[in-house]
Amino acid sequence: MEQQSKAPQDIRNVVNFLRSSNAGMKVRVGNLNGKRVDYFKGKGAVKALLSPAYAKLKNVPKVTTEEEAQQLLLSIIPFAFFLRVERGAPSGSSSGSPKQLQITQMQTFVPSDYYAWFYEGSQWTTYLGGVAMVAIMLAGVMFPLWPPIMRLGVWYLSIGVLGLIGLFFALAVVRLIFYIITVIVASPGIWIFPKLFADVGFVESFIPLWEWDLPKKKSKKKRSEKGKETNGSASPVPSARIEEVQDSGSSRPASRTAARVEEVPDEGDS
């Protein structure tokens, strides 16, 4: 946009920070005139400008209070890096589909409002990734023309990668077999490298070496709440007593008796 090209360098540095992942803002996806755009909430931008990551930046306006952060964000709006929008209903049939966005005529900054991005940030990483992808594809196509030593090196590298993958699968099979054996011999069983498939780092995946497969203990709070619900739902049920009475009707034999069901209160209520 023409307005964005007129922005001073310090304002552009602030915008680049807010658009990057270092800001830590929650970015949502909305539907603006049939096009998907990113948008954020104002208070997220205020919080990002007050973060330690922003304080470490150079050649940016100094921000120490929320009022200064709001004034700085308000001064960015005329350059159309982001604009204030109103959020409506979901654009699709499901509730998780992007919500409809509409640009408001009154462009001001309010922390509780939403703002749509019209700036994609620095594109040098995208260009660099595209060039690297083209280079890799060309190198793969021209593999028969590589020198013999390079082709031999690639062959050794591929064999090493395949060996690591095979070792990983073999380790997974061995730990499963060992666990089944220990479940039978020494219940509840032992896991080798219990964090092998956990969402942790590479080194943490192999720490500890082994661990008992103990069930997770329920918290006392959950147990107490469950006990209260059980006690609260239990209510005394009236018991029934069957009593035989003589039938006074003349149309039935004198030896036949009729049964009458009578409800009596439970002994606990008395």
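This text gives an overview of the structure that appears in the document.

What counts, and at which threshold
- Residues numbered from 1 in each chain as written.
- Predicted model: local features only at pLDDT ≥ 70, side-chain atom pairs only at ≥ 80, totals over all residues.
- Heavy atoms only, no water.
- Helix = DSSP H or I, 4+ residues; strand = E, 2+ residues; numbered from the N terminus.
- Buried < 20%, exposed > 50% of the residue type's maximum accessible area, 1.4 Å probe, protein only.
- Contact = heavy atoms within 4.5 Å.
- Areas by Shrake-Rupley, 256 points an atom, 1.4 Å probe, with all protein chains shown as cover.
- Pairing = 2+ DSSP bridges.
- 1 Å grid on protein atoms, 1.4 Å probe; cavity = no way out; pocket = protein on both sides within 12 Å on 5 of 7 lines; lining within 4 Å.
- Points joined across faces, edges and corners; volume = space filled by probe spheres on them.
- Nonpolar A, V, L, I, M, F, W, Y, C, P; charged D, E, K, R; others polar.
- Core = buried A, V, L, I, M, F, W, Y, C linked by side-chain atoms within 4.5 Å.
- Phe/Tyr/Trp six-rings, centres within 6.5 Å; stacked < 30°, edge-to-face > 60°.
- Axes fitted to C-alpha atoms, helices over the stretch in contact; angles between N-to-C directions.

Focus on the overall build of the protein chain
Part 1 of the reasoning: The helix and strand tally for the protein chain stands at eight helices and nine strands.
Part 2 of the reasoning: Residues counted as buried form 22% of the 270 residues belonging to the protein chain.
Part 3 of the reasoning: Long-range pairs, those at least 24 residues apart, make up 52% of the contacts in the protein chain with a sequence separation of at least 6.
Part 4 of the reasoning: Entry remark: accessible area of the protein chain is about 20,000 Å², with carbon and sulfur atoms responsible for 61%.

Details of the pairing of strand β3 (residues 82-90)
Part 1 of the reasoning: Of the strand pairs in this sheet, β3 and strand β5 (residues 114-117) are connected by four bridges, and their pairing is antiparallel. Note on β5: the bridge partner recorded for V85 is Y114.
Part 2 of the reasoning: Two strands pair when backbone bridges link them, and β3 and strand β4 (residues 99-103) are joined in this way by four bridges, in the antiparallel orientation. The residue bridging V85 from the neighbouring strand is I103, located in β4.

Points about the layout of surface pockets
Part 1 of the reasoning: Its boundaries defined by the atoms lining it, the largest pocket holds a volume of some 200 Å³.
Part 2 of the reasoning: For the largest pocket, the full set of lining residues is L164, L167, F168, L171, L196, F202, S205 and F206.
Part 3 of the reasoning: Tallied by class, residues from the lining of the largest pocket come to seven nonpolar, one polar and no charged.

A short note on the nonpolar core
Part 1 of the reasoning: Core analysis: the biggest nonpolar cluster contains 29 residues, and L18, L49, L73, F81 and F82 have the highest contact counts within it.
Part 2 of the reasoning: At the level of elements, α2 (9-19), α3 (42-49), α5 (66-76), β3 and β5 are the ones that each hand at least two residues to this core.
Part 3 of the reasoning: For this core, the element with the most residues is α2, which contributes five residues.
Part 4 of the reasoning: Membership of the second largest hydrophobic core comes to seven residues, among which are L32, V85, Y114 and A116.

Examining α2
Part 1 of the reasoning: Taken as a whole, α2 has its buried residues at I11, N13, V14, V15, F17, L18 and R19.
Part 2 of the reasoning: The inward-facing, buried residues of α2 contact β2 (35-41), α3, α4 (52-55), α5 and β5.

Section: the packing of aromatic side chains
Part 1 of the reasoning: As enumerated under the stated definition, the model contains 17 aromatic pairs in all.
Part 2 of the reasoning: With 5.4 Å between their ring centres and 80° between their planes, F40 and F82 make a pair best called edge-to-face. Highlighted residues: F40 in strand β2 and F82 in strand β3, separated in sequence by 42 residues.
Part 3 of the reasoning: Residue F40 is classed as buried on the basis of its relative accessible area, which comes to 1%.
Part 4 of the reasoning: Counting every residue linked through ring pairs, the aromatic cluster contains F40, F82, F109, Y115 and W117.

Overview of the side chain of N13
Part 1 of the reasoning: Structurally, N13 can be placed in helix α2.
Part 2 of the reasoning: Judged by its relative accessible area of 18%, N13 falls in the buried class.

Focus: the sheet that holds β3
Part 1 of the reasoning: Overall, mixed pairing links the five strands, which are arranged β1-β2-β5-β3-β4 in a closed barrel. Shown here is a sheet whose adjacent strand axes are inclined to one another by a mean of 55°, direction ignored.

Remarks on unusual backbone geometry
Part 1 of the reasoning: The omega torsion of the bond from S187 to P188 falls at 15°, within 30 degrees of zero and hence cis.
Part 2 of the reasoning: Positionally, P188 belongs in the loop between α7 (148-185) and β6 (190-192).
Part 3 of the reasoning: Here I207 and P208 are connected by a cis peptide whose omega angle stands at 0°.
Part 4 of the reasoning: Here P208 is to be found in the loop between β6 and β7 (210-212).
Part 5 of the reasoning: The phi angle at N33 is positive, at roughly 55°, despite the residue not being glycine.
Part 6 of the reasoning: Tracing the backbone shows N33 in the loop between β1 (28-32) and β2.
Part 7 of the reasoning: Judged by relative accessible area, N33 falls into the exposed class, the value being 74%.

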